[in-house]
Amino acid sequence: MINGYVQKAPNFVLNEVFNQYYESMKSNNIKHKPIWNLFDPTKNGEISDVTFFEKLTDLGIDREDPRLESILTSLKNLKVNKDGVRKISKTVLTDLVAKQRFLSRLLEGENIIPDFQSFRKEVKDIFDSTKDKNGGKVADYIPQLAKVDPDLYGVSICTVDGQIIEFGDTRKRFTIQSASKPITYSIALEEHGIEKVHQHVGKEPSGQRFNELTLNEDGLPHNPLINAGAIMCSSLIGMDQHVSERYENYQRSWIQLNGGAIPTFSNTVYLSEKSTADRNFALAYFMREKNAFPPNINLHESLDFYLQCCSTEINAAQFARVAATYANAGINPFSYEQVFKPETVKNTLSMMSSCGMYDFSGEFSFSVGLPAKSSVSGVVWIVVPNVMGICIFSPRLDKVGNSIRGIAFAKELVSRFNFHNFDSLLFEVGKKIDPRRKKYESKVNETMSLIFAASNGDLDEVKRLHAIGVDLNQGDYDNRTALHLAVAEKQFNVLDYLIQNGADTGTKDRWGATPLSEAKKLKDKNIESILKGN
Ligand code: GLU
């Protein structure tokens, strides 16, 4: 229970889009697809539960993933042998995968980052290379933040398919502080709509410090992501509700956003914040003097609620899942629940793009080009729209209050991957990688991908393409098949796989050559014996 998945998010619903999708997939007879081969079964046609979970780990599926619940129950019903292992037969596995469409999608490489292991390696490399950034210092305006270990460093990523990466201190809790402001803004938007909310708060970067005693020329806070704006949004949430209900709803949004884990609350941070909140009180009174608030709000309750939002605790693993929900148009990748409307998400991300990183927002938007929000506890959450959510936690802050390693990680990430908002997706820019692209599919169609993979000896890719139904005997315009190429390039593993799975050794290419005749020409006894099925 490390990650706190103790209960499902309340109001758990499968959204309509997902239901339609699921129905269409059920009719698409998955049982005939050779997904089984992806698990490298033993000769007697079984795999162990250990192998099964290793495969899930390779795919980035967390053991605590709530989508695994029914699979874990089915596996528990299998007998444990004397070595303490459960053997899974082909029928059982095919059934398990067919029941969980997310799993077959991942196995077929239909996810947003098909080569997840290479992506994870790059992220690890970025994590390691940014560890030595140990300048800056932790926030010290309250004792609870001052005594946090400055060397903590955790990075977690969650894709829109629910694939997870975690390095370092991702299970260490921290108070959310200003990183809560986008969520408060989203809740206010959901409750009142954009027009009403923006009658009370602007949309422009302030060009001033986040807690500056200043309002725009209409007497409103500049935007929802600085203190004045967040206090304003807090006052708009649950105006008719009792304070306890208001906080409960806020907490529920976090549960829904991360897919089930319950955030905790630091009363000590809250009390410290409250006793040092003179500036926030001053901002609230200033806004009241300017008639910025809606009628009949209770100023002290609104401030209390704002400080409670800041004092809520979460860890980086959970926060990455929250960010992934924002990357996924407001739908949580694990529960498939539509937590916020796509419109709310779009507006929140726009605001994060221009105002999320304190006085570094313009610079961040220029050099990293992704919506993000940071806070004094040393957390930065970043959204790569339609792809993934990222959370970096490292408490050493720079002069403007951003995590030093958080910024370093973000910059390195976009220098390796084409995630900057304005990176071209059509043309390759420098050496930037597009992890969204399937390895060979950008070059040609699936058959050509198979032939390329065979000639390069990429057995995993051959298996994946076979699993999604690509015909192993399909040839290119010269009628050269995967087998012709595997022979020519002496790719033994691929050859073996193709033969075991019925590839034809007698297919003639345009010049009349068959894989077998080519093998004979090469005078390679090993190849000939594989082709003859020995
Ligand atoms: N609780 C802090 C305040 O309102 C938030 C600080 C921050 O993370 O920017 O001053």
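Predicted model only: the values in this text are computed from it and were never measured.

Peer 1: Give me the lowdown on the overall build of the chain, citing residues and values where you can.
Peer 2: Broken down by element type, the chain carries 23 helices and 10 strands. Each of the three principal axes of the chain carries a C-alpha extent, and together these read 90 × 50 × 40 Å. When burial is assessed residue by residue, the chain has 55% of its 534 residues classed as buried. The long-range share in the chain, meaning contacts at least 24 apart out of those at least 6 apart in sequence, stands at 68%. Carbon and sulfur atoms make up 49% of the accessible area of the chain, which totals about 23400 Å².

Peer 1: Got a sec to walk through the site of the ligand? Specific residues and values, please.
Peer 2: All residues adjacent to the ligand are Tyr-141, Gln-177, Ser-178, Phe-210, Asn-227, Glu-273, Asn-280, Tyr-306, Cys-310, Tyr-358, Ser-375 and Val-376. Contact between the ligand and Ser-178: an oxygen atom at 2.5 Å from a side-chain N or O atom of the residue. Between the ligand and the protein, one listed contact pairs an oxygen atom with a side-chain N or O atom of Asn-227 at 3.1 Å. Contact with the protein chains covers 94% of the free accessible surface of the ligand, which is 300 Å². A breakdown of the residues in the shell around the ligand according to their chemical character gives six nonpolar, five polar and one charged.

Peer 1: Mind laying out the sheet that holds strand S6 (residues 264-265), listing which residues take part and the relevant values?
Peer 2: Judged by pairing direction, the sheet is antiparallel, and its three strands sit side by side in the order S5-S7-S6 without closing on themselves. Looking at strand neighbours, the two that pair on one side only are strand S5 (174-175) and S6, the edges of this open sheet. Inspection of the sheet shows S5 paired to strand S7 (residues 312-314) by two bridges, in the antiparallel sense. By the bridge assignment for S7, Thr-175 is matched with Glu-313.

Peer 1: Before we move on, can you summarise unusual backbone geometry with the specific residues and values?
Peer 2: One non-glycine residue, Tyr-358, adopts positive backbone phi at about 50°. Positionally, Tyr-358 belongs in the loop between helix H15 (342-355) and helix H16 (361-367). On the accessibility criterion, Tyr-358 (10% relative accessible area) is buried.

Peer 1: Please set out the nonpolar core residue by residue, giving values where relevant.
Peer 2: Counting residues in hydrophobic clusters, the biggest one holds 66 residues, and the most contacted among them are Ile-183, Phe-319, Tyr-326 and Trp-381. The element that contributes the greatest number of residues to this core is helix H14 (residues 316-327), accounting for eight residues. Beyond its immediate sequence surroundings of up to four residues, Phe-319 is in contact with Phe-174, Ile-176, Ala-179, Trp-254, Ile-314, Val-379, Trp-381 and Cys-391. If you look at the next biggest cluster of nonpolar residues, it comprises 31 residues, including Phe-119, Ile-165, Phe-364 and Val-387.

Peer 1: Account for the sheet that holds strand S10 (residues 388-393), naming residues and giving values.
Peer 2: Within the open sheet, the five strands sit side by side as S4-S3-S10-S9-S8. Their pairing is antiparallel. Every interior strand has two partners, whereas the edge strands, strand S4 (164-168) and strand S8 (372-374), have only one. Adjacent strand axes in the sheet meet at a mean angle of 10°, parallel and antiparallel pairs treated alike. Summarising the sheet, S8 and strand S9 (residues 379-384) pair through three bridges and their orientation is antiparallel. Residue Lys-373 lies in a different strand from S9, and its bridge partner there is Trp-381.

Peer 1: Explain the confidence of the model for the chain to me, using residue names and the numbers behind them.
Peer 2: Overall, the predicted model of the chain reaches an average pLDDT of 90, with 92% of residues at or above 70. Of the regions scoring below 50 in pLDDT, residues 1-32 engages in 58 contacts with residues more than four places distant in sequence or in other chains.

Peer 1: Got a sec to walk through the environment of Val-155? Specific residues and values, please.
Peer 2: Turning to its location among the elements, Val-155 is positioned in strand S3 (residues 154-159). Of the residues examined, Val-155 reaches a relative accessible area of 0% and is grouped as buried. Sequence separation between Val-155 and Arg-105 is 50 residues; the distance between their C-alpha atoms is 26 Å. With residues near it in sequence (within four places) discarded, Val-155 still touches Phe-127, Ile-165, Glu-166, Phe-167, Thr-170, Cys-391, Ile-392 and Phe-409.

Peer 1: How would you sum up the packing of helix H11 (residues 267-275) against helix H13 (residues 299-310)? Please name residues and give values.
Peer 2: Put simply, H11 and H13 touch, their axes get as near as 9 Å, and they point 135° apart. Considering the angle they form, H11 stands oblique to H13. Of the two possible hands of crossing, H11 and H13 adopt the one that is right-handed. On H13, the residues that touch Tyr-270, Glu-273 and Lys-274 of H11 are Asp-304, Leu-307 and Gln-308. The residue makeup of the contact of H11 with H13, split by class, is two nonpolar, one polar and three charged.

Peer 1: For helix H12 (residues 278-289), give the residues involved together with the corresponding values.
Peer 2: Under the 1.5 Å per step criterion, the end-to-end length of H12 is 16 Å for 12 residues, consistent within 8% with the ideal 16 Å. The set of residues buried in H12 consists of Asn-280, Phe-281, Leu-283, Ala-284 and Met-287. Looking straight down H12, one finds that the buried residues subtend no more than 160° of arc, so they occupy a single side. H12 presents Asp-278 and Glu-289 as exposed residues on the side facing more than 90 degrees away from its buried surface. The inward-facing, buried residues of H12 contact helix H9 (227-236), H11 and H13. Once H12 ends, the next one or two residues include Asn-291, with phi positive near 60°.

Peer 1: Can you lay out the pattern of salt bridges for me, pointing to particular residues and giving the numbers?
Peer 2: In this structure the tally under the stated criterion is 25 salt bridges. Between Arg-416 and Asp-125 there is a salt bridge, and its shortest N-O distance comes to 2.9 Å. Within this pair, whereas Arg-416 is found in helix H17 (residues 404-416), its partner Asp-125 is found in helix H6 (residues 116-130), the two being separated by 291 residues in sequence. We classify Arg-416 as buried; its relative accessible area is 17%. Residue classification places Asp-125 among the partly exposed positions, given a relative accessible area of 39%. Taken together, the salt bridges that share partners define one network made up of Asp-62, Glu-64, Glu-166, Arg-171 and Arg-321.

Calculation rules
Residues numbered from 1 in each chain as written. Predicted model: local features only at pLDDT ≥ 70, side-chain atom pairs only at ≥ 80, totals over all residues. Heavy atoms only, no water. Helix = DSSP H or I, 4+ residues; strand = E, 2+ residues; numbered from the N terminus. Buried < 20%, exposed > 50% of the residue type's maximum accessible area, 1.4 Å probe, protein only. Contact = heavy atoms within 4.5 Å. Areas by Shrake-Rupley, 256 points an atom, 1.4 Å probe, with all protein chains shown as cover. Near = heavy atom within 4 Å. Polar contact = N/O pair within 3.5 Å; in protein donor to acceptor, adjacent residues only side chain to side chain. Nonpolar A, V, L, I, M, F, W, Y, C, P; charged D, E, K, R; others polar. Pairing = 2+ DSSP bridges. Core = buried A, V, L, I, M, F, W, Y, C linked by side-chain atoms within 4.5 Å. Axes fitted to C-alpha atoms, helices over the stretch in contact; angles between N-to-C directions. pLDDT = per-residue confidence, 0-100. Parallel < 35°, antiparallel > 145°, perpendicular 65-115°, else oblique. Left-handed = near helix turned anticlockwise from the far one by under 90°. Expected span 1.5 Å × (residues − 1). Arc of directions from axis to C-beta. Salt bridge = Lys/Arg side-chain N within 4 Å of Asp/Glu carboxyl O.

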